[in-house]
Amino acid sequence: MTEAVGVLAVRSRRVVTPDGERAAVVRIHAGRIVGLTEHDDFPADGVDLGELALLPGLVDTHVHVNEPGRTEWEGFETATRAALAGGVTTIVDMPLNSLPPTVTADALRIKRLAAAGRCHVDVGFWGGAVPGHLADLPDLHAAGVFGFKAFLIDSGVPEFPPLDPAGLVAALRAVPGALFVLHAEDPAAVAAAPPSDRYADFVASRPPAAETRAVAVALQAARATGAKVHILHLSAADALPLITAARADGVAVTVETCPHYLALSAEAVPDGGTQFKCCPPIRDEANRDALWAALADGDIDCVVSDHSPCVPALKRFDTGDFAAAWGGIASVQLGLPVVWTAARRRGHTLADVARWMAASPARVAGLPTKGRIAPGADADLIAVDPDAEFTVDPALLWHRHPVTPYAGQRLTGVVRAAWLGGRPVTPHGPPTGRLLTRNGAAG
Ligand code: ZN
């Protein structure tokens, strides 16, 4: 392979822009998109994608990289290779499961040192808001995190404790103008799951009321403070009316869901299938239909992975015990085909998928140059064959441990090529991703 040079022009009959699909040539200079021109207006040295669709690289604002400290679970190299293979060109890393958790500016420095030179896509960072560290939030914000994650329930790791409702209000007041992204489950509505290999026993322990009550707490805190809040990984469609009502009242609230809530269902989880365990849990088919309706109506903003791997032993495949297994699904590489396969069956377009998985997450997180094919945006692009099918083979996943609930599934949509800042990139190539900060400067 020769040294990659900056691409000047990429053309496709299906360029997915914020205004829909069109045949066009995308012009690139110095890593940015400078314009779209007519399909016939094509230079001899351009890249012609023919019928392959050209989408903005996806923006996955919910990825647990776990490095440093739990690098045996994942890591920047493996997570970002998997992301790139799946058409994700920007991730924002969650502040927990790494050690130290990203709750101080010093911890962010340690995290950035661990990431430097290892990233195959652009990487930004969330900070964490935990009890005892609220005084650290302004410095951490100034150091460039995109906002702060907080839990309203036990996070699963002792070094990242939850905030109670009063603590949440205090956190929201600690950094005026900052975005807070919230894991919304109410501990009072969650029961200890009994030891069991039956999924129904686990899902019953975390009912929809746990989400609706915690969403109410989050919205009340947002109303009291005027802060911006984002509800992470919404599973229970029952919570949506609260969110849409708050929005109508002017509360600054956004919400995401995840590919597994849209593509999987409780009815299909096999006994002992702890690869399906995540929190909040995958619910029934009727709930899944309601999530799709909310996406179609624009009531849900984003679809992001909540990529949360661990070492396979923690999934307890030996016993299949849902209570004891780690909760988390690793899917940064498969989000696009998982969502596209289900979306097109339901009559949605590639433009819808690009809005849910690129433009909206970029807007919510505050990444103004990411997530869209338009003049001024970074030339982070993916060429996708929207009709190609494949069967998920865990051995072909790039993340560290090939554990997936999608093994053996037939999916549609294959990423054929990717560009990062106008340069062609593959998971086999060198890591050329940049570390991003909230004010837009590359670190
Ligand atoms: Zn998460």
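Summarised in this report is the structure supplied together with it. Position numbers for residues count from 1 along each chain, tracking the sequence in the order it is written. For a predicted model such as this one, the threshold for reporting local features is a pLDDT of at least 70, and the threshold for listing and counting side-chain atom pairs is 80 or more; totals across whole chains, interfaces and linings nevertheless cover every residue. Side-chain descriptors were evaluated using all non-hydrogen atoms of the structure, hydrogens and water having been removed beforehand.

## So, the overall build of the protein chain
As a reminder, the rule being used: We count a stretch as a helix when DSSP gives it H or I for four or more residues in a row; a strand needs E for two or more, and each element gets its number in order from the N terminus. C-alpha atoms define the radius of gyration in this analysis, and the globule rule sets the expected value at 2.2 Å times the number of residues to the power 0.38. Any residue under 20% of the maximum accessible area for its type is buried, any over 50% is exposed, and the rest in between are partly exposed; the area is computed with a 1.4 Å probe on protein chains only. By the convention used here, residues are in contact when the closest approach between their heavy atoms is within 4.5 Å. Computed with a 1.4 Å probe, the accessible areas rest on the Shrake-Rupley method; for each residue, only the protein chains presented here act as cover. We treat Lys and Arg as the positive residues and Asp and Glu as the negative residues; His and chain ends play no part in the count. In this description, the location of a charge corresponds to atom NZ of lysine, CZ of arginine, CG of aspartate or CD of glutamate.
Within the protein chain, the regular secondary structure consists of eleven helices and 17 strands. In terms of overall size, the protein chain behaves like a compact globule, its C-alpha atoms giving a radius of gyration of 21 Å where 443 residues would be expected to give roughly 22 Å. Dimensions of the protein chain, computed from the C-alpha atoms along their principal axes, are close to 65 × 45 × 45 Å. Within the span of the protein chain, comprising 443 residues, buried residues form 59% of the whole. When contacts within the protein chain are restricted to residue pairs at least 6 apart in sequence, long-range pairs at least 24 apart make up 75% of them. For the protein chain, the computed accessible surface area is about 16100 Å², with 54% contributed by carbon and sulfur atoms. Of note, the protein chain has its 38 positive side-chain charges centred 3 Å away from the centre of its 48 negative side-chain charges.

## Section: the sheet that holds strand E6 (residues 58-63)
Put simply, the rule is: For two strands to be treated as a pair, DSSP must find no fewer than two bridges joining them. Axis definition: a line fit to C-alpha positions, over the contact stretch in the case of helices; interaxial angles, taken between N-to-C directions, run 0 to 180 degrees.
Pairing in this open sheet of three strands is parallel, and the strands run E6-E7-E8 from one edge to the other. In the strand order of this sheet, the two ends are held by E6 and strand E8 (122-125), each with one partner. Mean inter-strand twist for the sheet, computed between neighbouring axes without regard to direction, equals 20°. Two strands pair when backbone bridges link them, and E6 and strand E7 (residues 88-93) are joined in this way by four bridges, in the parallel orientation. If you follow Val63 over to E7, its bridge partner there is Asp93. Along the sheet face, helix H1 (residues 76-85) touches E7 and E8 and points at about 140° away from the line of E7.

## Digging into the environment of Leu295
Inspection of the secondary structure assignment puts Leu295 in helix H9 (residues 285-297). For Leu295, a relative accessible area of 1% corresponds to the buried category. Residues Leu295 and Thr349, spaced 54 residues apart in sequence, show a C-alpha to C-alpha distance of 12 Å. Those residues in contact with Leu295, other than ones at most four positions away along the chain, are Leu262, Ile300, Val303 and Trp356.

## Regarding the pattern of salt bridges
To keep it simple, the criterion reads: The rule for a salt bridge is simple: a side-chain nitrogen of Lys or Arg has to be within 4 Å of a carboxyl oxygen of Asp or Glu.
Counting across every chain of the model gives 27 salt bridges. A salt bridge links Asp378 to Arg32; the shortest N-O distance between them is 2.8 Å. Remark: Arg32 occurs in strand E3 (residues 32-37) and Asp378 occurs in the loop between helix H11 (350-365) and strand E15 (381-391); sequence separation between them is 346 residues. Here Asp378 falls in the buried class, since its relative accessible area comes to 7%. Residues participating in the shared-partner salt-bridge network are Arg32, Asp122, Lys370, Asp378, Asp380 and Arg434.

## Focus on the nonpolar core
Using the following cut-off: Joining through side-chain atoms within 4.5 Å is the link that ties buried Ala, Val, Leu, Ile, Met, Phe, Trp, Tyr and Cys residues into a set, and such a set is a nonpolar core.
If you look at the biggest cluster of nonpolar residues, it comprises 102 residues, and the most contacted ones within it are Ala129, Phe148, Phe180, Ile231, Leu234 and Trp356. Looking at this core element by element, the count peaks at seven residues for H11. Discounting residues that sit within four places of it in the chain, Ala129 has contacts with Leu134, Leu137, Phe148, Lys149, Ala150, Phe160, Leu163, Ala171 and Phe180.

## Focus: the coordination of the zinc ion
Note the cut-off: Donor atoms: N, O and S within 2.8 Å of the metal, or within 3.2 Å for Na, K and Ca. Because water is excluded, sites can look incomplete.
Every protein donor of the zinc ion is accounted for by His62 (NE2), His64 (NE2) and Asp306 (OD), and the metal-donor separations fall at 2.1 to 2.2 Å. Mapped onto the sequence, the donors of the zinc ion take the spacing H-x1-H-x241-D. Here Asp306 lies in the loop between strand E14 (302-303) and helix H10 (335-345) and His64 lies in the loop between E6 and H1, a separation of 242 residues in the sequence. Comparing His64 with Asp306, the two get one shared label, buried.

## Section: the packing of aromatic side chains
To be explicit about the condition: Whether two aromatic rings pair depends on their centres lying within 6.5 Å, for rings of Phe, Tyr and Trp, where Trp uses its six-membered ring; planes under 30 degrees apart make the pair stacked, over 60 edge-to-face, and the rest tilted. Consider the ring centre and the ring normal. A charge sits over the ring if Lys NZ or Arg CZ is within 6 Å of that centre and within 35 degrees of that normal.
Taken as a whole and assessed by the stated rule, the structure comprises eight aromatic pairs. Measuring from ring centre to ring centre gives 5.9 Å for Tyr199 and Phe202, while their planes differ by 55°; the resulting arrangement is tilted. Note that Tyr199 and Phe202 are positioned in helix H5 (residues 199-205) at a spacing of three residues, about one turn of the helix. Taken together, a centroid distance of 5.9 Å and an interplanar angle of 65° make the contact between Trp292 and Trp356 edge-to-face. One end of the pair, Trp292, is in helix H9; the other, Trp356, is in helix H11, with 64 residues separating them in the sequence. Each member of the pair, Trp292 as well as Trp356, carries the same accessibility label: buried. An aromatic cluster is present here, built from Tyr199, Phe202 and Phe322 joined pairwise through their rings. Over the face of the ring belonging to Phe42 we find Arg11, whose NZ or CZ atom lies 4.2 Å from the ring centre.

## Some remarks on the layout of surface pockets
Keep this limit in mind: Each cavity reported here is a set of points on a 1 Å grid over the protein atoms alone in which a 1.4 Å probe fits but cannot get out, each pocket an open set with protein on both sides within 12 Å along at least five of seven lines, and each lining residue one with an atom within 4 Å of a point. Grid points are joined across faces, edges and corners, and a volume is the space filled by probe spheres set on the points. Under the convention adopted here, Pro, Cys and the residues Ala, Val, Leu, Ile, Met, Phe, Trp and Tyr are nonpolar, Asp, Glu, Lys and Arg are charged, and Gly plus all remaining residues are polar.
The volume enclosed by the largest pocket comes to roughly 550 Å³. In terms of lining residues, the largest pocket is bounded by 32 residues, among which Asp154, Ser155, Gly156, Arg206 and Cys279 are the most central. Elements with a minimum of two residues in the lining of the largest pocket: strand E10 (148-151) and H5. Grouping the constituent residues of the lining of the largest pocket by class yields 16 nonpolar, eleven polar and five charged.

## A closer look at helix H4 (residues 165-174)
Taken as a whole, H4 has its buried residues at Gly167, Leu168, Val169, Ala171 and Leu172. Residues of H4 that are buried sit in contact with helix H3 (137-142), strand E11 (179-183), helix H6 (208-225) and strand E12 (228-231).

## Observations concerning the sheet that holds E12
One open sheet accounts for six strands, arranged E9-E10-E11-E12-E13-E14; its pairing is parallel. Each of the sheet's edge strands pairs with one partner strand only, and the pair in question is strand E9 (127-128) and E14. Note: E11 against E12, four bridges, orientation parallel. Looking at the pairing, Phe180 lines up with Val229 of E12.

## Quick look at unusual backbone geometry
Residues Glu67 and Pro68 are joined by a peptide bond in cis, for which omega reads 0°. Counting through the fold element by element, Pro68 comes out in the loop between E6 and H1. Cis geometry marks the peptide bond from Cys279 to Pro280; its omega dihedral reads -5°. Inspection of the secondary structure puts Pro280 in the loop between helix H8 (259-263) and H9. We note that Asn66 has phi near 70°; this positive angle belongs to a residue other than glycine. Mapped onto the elements, Asn66 comes out in the loop between E6 and H1. Asn66 sits in the buried class, given a relative accessible area of 0%. The residue Arg316 is not glycine, and still its phi comes out positive at about 55°. Here Arg316 shows up in the loop between E14 and H10. With relative accessibility at 30%, the residue Arg316 sits in the partly exposed group.

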